[in-house]
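Each chain, written out:
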Amino acid sequence: MIRTDVRHNISFCLLVAAGILCFYAAAQPRIFSLNAPYDVWDTITADLNQDGIADILALTCDGSEQPYSKALCGYFSNGTGFPEQPTFAEMLSPSASIAFLVEADGVPPKEILVADALTETLYRVVSDHLEKETVQSVPTLLPYAAKEPIFLRDTVKDIDGDNKEEWFLPVPGGYEIRNAEGLRTFIECDVVSEVRREEGIYVYWRLPALMFFRKESTAGLAFASDEYLDIAYGEGWNQRKRFKIPLLMPDKWDAQVKMDDLNADGLPDVIVTQTRGTVNLEVGTQVFLLRPDLTLSEQPDAKFTTKSAVSSPGVVDLDGDGKKDLLFIRIPFNVTNIVNFFLRGKISVDLAAYCYGETGYTENPTFSTSLTMDTPDGRERVAYALGDFNGDGRKDIAFTKNANTMVVHVGEKTRLLSAKPWQTLSVPAYGAARSEKITPDSREDLLVFHPGMPNCKRIEVITF
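Bear in mind the structure is a predicted one, so any value in this text is a computation, not a measurement.

1. Looking at the overall build of the protein
Along the protein, the regular secondary structure elements total two helices and 37 strands. In terms of C-alpha radius of gyration, the protein reaches 24 Å, essentially the compact-globule figure of 23 Å for 464 residues. With respect to the three principal axes, the spread of C-alpha positions in the protein is 90 × 55 × 50 Å. Burial status across the protein gives 48% buried among its 464 residues. For the protein, contacts bridging at least 24 residues in sequence account for 46% of all contacts bridging at least 6. The average position of the 46 basic charges and that of the 66 acidic charges among the side chains of the protein differ by 5 Å.

2. Some details on the sheet that holds strand β11 (residues 156–157)
Spatial ordering of the open sheet is given by β11-β12-β13-β14, a layout of four strands whose pairing is antiparallel. A strand with exactly one partner marks an edge of an open sheet, and here the two such strands are β11 and β14 (182–188). Bridge count for strand β12 (residues 166–171) against strand β13 (residues 174–179) is five bridges, and the pairing is antiparallel. Within β13, the residue paired with Phe 168 across the bridge is Ile 177.

3. Here's the deal with the pattern of salt bridges
For the structure on display, the rule yields 18 salt bridges. A salt bridge links Lys 244 to Glu 227, with the nearest nitrogen and oxygen atoms 3.1 Å apart. Taken together, the positions of Lys 244 in strand β20 (residues 239–244) and Glu 227 in the loop between β18 (218–224) and β19 (228–233) put the pair 17 residues apart, joining distant regions of the chain. Between Lys 324 and Asp 260 there is a salt bridge, and its shortest N-O distance comes to 2.9 Å. Taken together, the residues span a long stretch of sequence, with Lys 324 in the loop between β25 (309–316) and β26 (325–332) and Asp 260 in strand β21 (residues 254–260) at a distance of 64 residues.

4. Topic: the side chain of Asp 226
Along the chain, Asp 226 falls in the loop between β18 and β19. Of the polar contacts made by the side chain of Asp 226, one reaches the side chain of Arg 206; its length is 3.3 Å. A distance of 3.4 Å separates the side chain of Asp 226 from the backbone nitrogen of Val 257, its partner in a polar contact. Beyond its immediate stretch of four places on either side in the chain, Asp 226 contacts Arg 206, Leu 247, Ala 255, Gln 256 and Val 257.

5. Side note on the sheet that holds β20
Here we have four strands laid out as an open sheet, ordered β17-β18-β19-β20, and antiparallel in their pairing. Of all strands in the sheet, those with a lone pairing partner are β17 (209–215) and β20, marking the two edges. If you compare each strand with its neighbour and ignore which way they point, the axes differ by 20° on average. Relative to β18, β17 is paired through seven bridges, and the arrangement is antiparallel. Among the inter-strand pairings, Leu 210 is bridged to a residue of β18, identified as Phe 223.

6. Section: the environment of Ala 58
Inspection of the secondary structure puts Ala 58 in strand β3 (residues 55–62). On a C-alpha basis, the gap between Ala 58 and Phe 449 in space is 9.7 Å, while along the polypeptide they are 391 residues apart. For Ala 58, the residues in contact, after removing those within four places along its chain, are Val 40, Asp 42, Thr 43, Ala 71, Leu 72, Cys 73, Tyr 75, Phe 151 and Ile 459.

7. Quick notes on the side chain of Thr 155
The topology assignment puts Thr 155 in the loop between β10 (150–151) and β11. Overall, Thr 155 belongs to the buried group, its relative accessible area being 11%. Thr 155 has contacts with Glu 166, Trp 167, Phe 168, Leu 210 and Phe 212, leaving out every residue within four places of it along the chain.

Reading the values: rules and limits
- Residues numbered from 1 in each chain as written.
- Predicted model: local features only at pLDDT ≥ 70, side-chain atom pairs only at ≥ 80, totals over all residues.
- Heavy atoms only, no water.
- Helix = DSSP H or I, 4+ residues; strand = E, 2+ residues; numbered from the N terminus.
- Rg over C-alpha atoms; globule rule 2.2 N^0.38 Å.
- Buried < 20%, exposed > 50% of the residue type's maximum accessible area, 1.4 Å probe, protein only.
- Contact = heavy atoms within 4.5 Å.
- Lys, Arg positive; Asp, Glu negative; His and termini not counted.
- Charge placed at Lys NZ, Arg CZ, Asp CG, Glu CD.
- Pairing = 2+ DSSP bridges.
- Salt bridge = Lys/Arg side-chain N within 4 Å of Asp/Glu carboxyl O.
- Polar contact = N/O pair within 3.5 Å; in protein donor to acceptor, adjacent residues only side chain to side chain.
- Axes fitted to C-alpha atoms, helices over the stretch in contact; angles between N-to-C directions.

Here's what the structure looks like:
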């Protein structure tokens, strides 16, 4: 006969073992493969059926025939995951080029606005399908009949606190602010337009970055082109300021400007990256912080130089302290990398993180590491995404290891990324990746799709 204390010990051990098994089972990511009727060009998430779990939206287009076949596809969460086939596939006009989510009526869920150069169409989610709400003639600088439609992000905001969002549409000379009732106002800013004569005539627009901020009791607006920072604030945004963005490399052949609140003071700051040279490649990045009196210094508050490497800074809060860090992704332009590229099909990528501390950015990298991955072929490209995938408050990175494998390295307090992968995912790995908040817990999840390449009609949803 088994003694009572022995039975209790056995029960306790079984409970612990069950808990360990549940923990490891929960730690294993779930992968859902979604199918679309046409090529998937962009995705976004929102809780459209109001069940507490984000649903997936995809913009799809078959550009092989005229007129183009386009559909806005929705994949509603069903409690156990996501369906392989769309919950709805709303056929769009061949002219449709962009879409975005907007709270137009003040009552969840969000509506979906689809637009092109001439019209905007507002769709409302009703049960498991879309209903067309309004169609308006709105001429803009948006493309017409784009083969690769995309979702716009960060162009929607409730700027007057009435729970209804306004949206910003680019027009010659600036942006129009619109809502469900129509045009609210026009804000002038620097919108670059150029024309080129090559094999044909090319006309393009370079739209400025857009950011919202608070100035006293009103919403402020900031627009950053590659040359100017335009600020509008005050009642009716009637107070305006313009700053010439300092470009400290006059012989540059490329300049890119990003805008974000780097030091968590609620104001927009500017990050300028300039590139010059070919064999002797040099990339310079300068940071300019906007002062509380809405002035911009001509001298950078921080600067970084990269030589003999292609370099691009990402703006991300790596350690969860509310301030934005700079993560430089650098591809060395050296003999070793070139030989590995041609002979082994491998490429080395260096990561350097500069964290924003009490006195600003550090002069030397706070963390640095190198990654090696297979090089893609043709139109295929490496996918990567930053997100808090394990829920510890620090940013992790998911990236393509090879054609059929993605790996996830987690961020650590003492190093940028873990030495070994936290997760290895068996999915088609070339394409584009997005970190998204799908479930209510603290973790972020991952979407992978493959625009213009094999598996272009698929979306992989990975929940951690």
